[in-house]
Amino acid sequence: MQYPVVDPDVLEERYLDRIHGAGIFRQGLTVSPVCTTCHGAHGVLPPTDENSLIHKDKVNDGCAKCHTNKERVHEGIVAPELWSRAGAVPICVDCHQPHLVRKVTYQTNMSNAECLECHGN
């Protein structure tokens, strides 16, 4: 499968409007992920390649370098016993899409409809 080339201006706009870009450019953070944090600096591979940093079997490890308390953050959303079952919990990017503008404050504005898109049955 060939992945489309995305206009760099579009990618920059998406990054600036997402939480990591906003952290640096609007909230004063000095450290926040950039493109190479997830994709690597050289030899960027598609997510289907097992050697890719964003392959489904590796992407959670990358997120967990900074987001260390996923079980606690997802209390009440994901049943505790599911964390130990392989494949029982979606990978991070299934719910938190990295390149789409999505501004949700989970504590107050989480919509059941978003969860029910996958868990409707």
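Residues numbered from 1 in each chain as written. Predicted model: local features only at pLDDT ≥ 70, side-chain atom pairs only at ≥ 80, totals over all residues. Heavy atoms only, no water.

**Considering the overall build of the protein chain**
(1) Moving on: Scanning the protein chain from terminus to terminus reveals eight helices and zero strands.
(2) Moving on: Helices and strands appear in the protein chain in the N-to-C order α-α-α-α-α-α-α-α.
(3) Moving on: Expressed as a percentage of the 121 residues in the protein chain, the buried residues total 11%.
(4) Moving on: If you take every contact in the protein chain between residues at least 6 apart in sequence, the share linking residues at least 24 apart comes to 30%. (Helix = DSSP H or I, 4+ residues; strand = E, 2+ residues; numbered from the N terminus. Buried < 20%, exposed > 50% of the residue type's maximum accessible area, 1.4 Å probe, protein only. Contact = heavy atoms within 4.5 Å.)

**Some thoughts on the pattern of salt bridges**
(1) Moving on: On inspection of all chains with the given rule, the structure shows one salt bridge.
(2) Moving on: Where Asp-57 meets Lys-56, a salt bridge forms, and the shortest distance between an N and an O atom there is 3.4 Å.
(3) Moving on: Overall, the relative accessible area of 55% leaves Asp-57 in the exposed class. (Salt bridge = Lys/Arg side-chain N within 4 Å of Asp/Glu carboxyl O.)

**What to know about the confidence of the model for the protein chain**
(1) Moving on: When pLDDT is averaged along the protein chain, the result is 77; 79% of the residues meet or exceed 70.
(2) Moving on: Per-element mean pLDDT across the protein chain ranges from 46 in helix 7 (residues 106–109) up to 86 in helix 4 (residues 59–64).
(3) Moving on: This stretch, residues 104–109, has a pLDDT under 50; its non-local contacts, to residues over four places away or in other chains, come to five contacts. (pLDDT = per-residue confidence, 0-100.)

**Observations concerning the environment of Cys-95**
(1) Moving on: Position of Cys-95 among the secondary structure elements: in helix 6 (residues 92–95).
(2) Moving on: The class of Cys-95 is partly exposed, set by a relative accessible area of 43%.
(3) Moving on: As for Cys-95 and Cys-118, which are separated by 23 residues in sequence, their C-alpha atoms are 9.9 Å apart.

**Some points on a negative patch on the surface**
(1) Moving on: A contiguous patch of negative charge on the surface is contributed by Asp-7, Asp-9, Glu-12 and Glu-13.
(2) Moving on: Summarising the element assignment, Asp-7 is placed in the segment before helix 1 (8–17). (Patch = residues over 30% accessible without salt bridge, like charges linked within 9 Å, V, L, I, M, F, W, Y side chains within 5 Å. Areas by Shrake-Rupley, 256 points an atom, 1.4 Å probe, with all protein chains shown as cover. Lys, Arg positive; Asp, Glu negative; His and termini not counted. Charge placed at Lys NZ, Arg CZ, Asp CG, Glu CD.)

**Side note on the side chain of Ser-52**
(1) Moving on: Inspection of the secondary structure assignment puts Ser-52 in the loop between helix 3 (35–39) and helix 4.
(2) Moving on: There is a polar contact of 3.3 Å between the side chain of Ser-52 and the backbone oxygen of Leu-45.
(3) Moving on: For Ser-52, the side chain forms a polar contact with the main-chain nitrogen of Ile-54, separated by 3.1 Å.
(4) Moving on: Once residues within four sequence positions are removed from consideration, Ser-52 is found in contact with Leu-45, Pro-46, Pro-47 and Lys-58. (Polar contact = N/O pair within 3.5 Å; in protein donor to acceptor, adjacent residues only side chain to side chain.)

**Details of the state of the cysteines**
(1) Moving on: For the structure shown, the criterion picks out zero disulfides.
(2) Moving on: Counting only cysteine sulfurs, Cys-38 is the nearest neighbor of Cys-66, a cysteine outside any disulfide, at a range of 8.9 Å.
(3) Moving on: Residue Cys-66 is classed as exposed on the basis of its relative accessible area, which comes to 58%.
(4) Moving on: Free cysteine Cys-92: the closest other cysteine sulfur is in Cys-63, separated by 3.9 Å.
(5) Moving on: Residue classification places Cys-92 among the partly exposed positions, given a relative accessible area of 23%. (Disulfide = S-S within 2.5 Å.)

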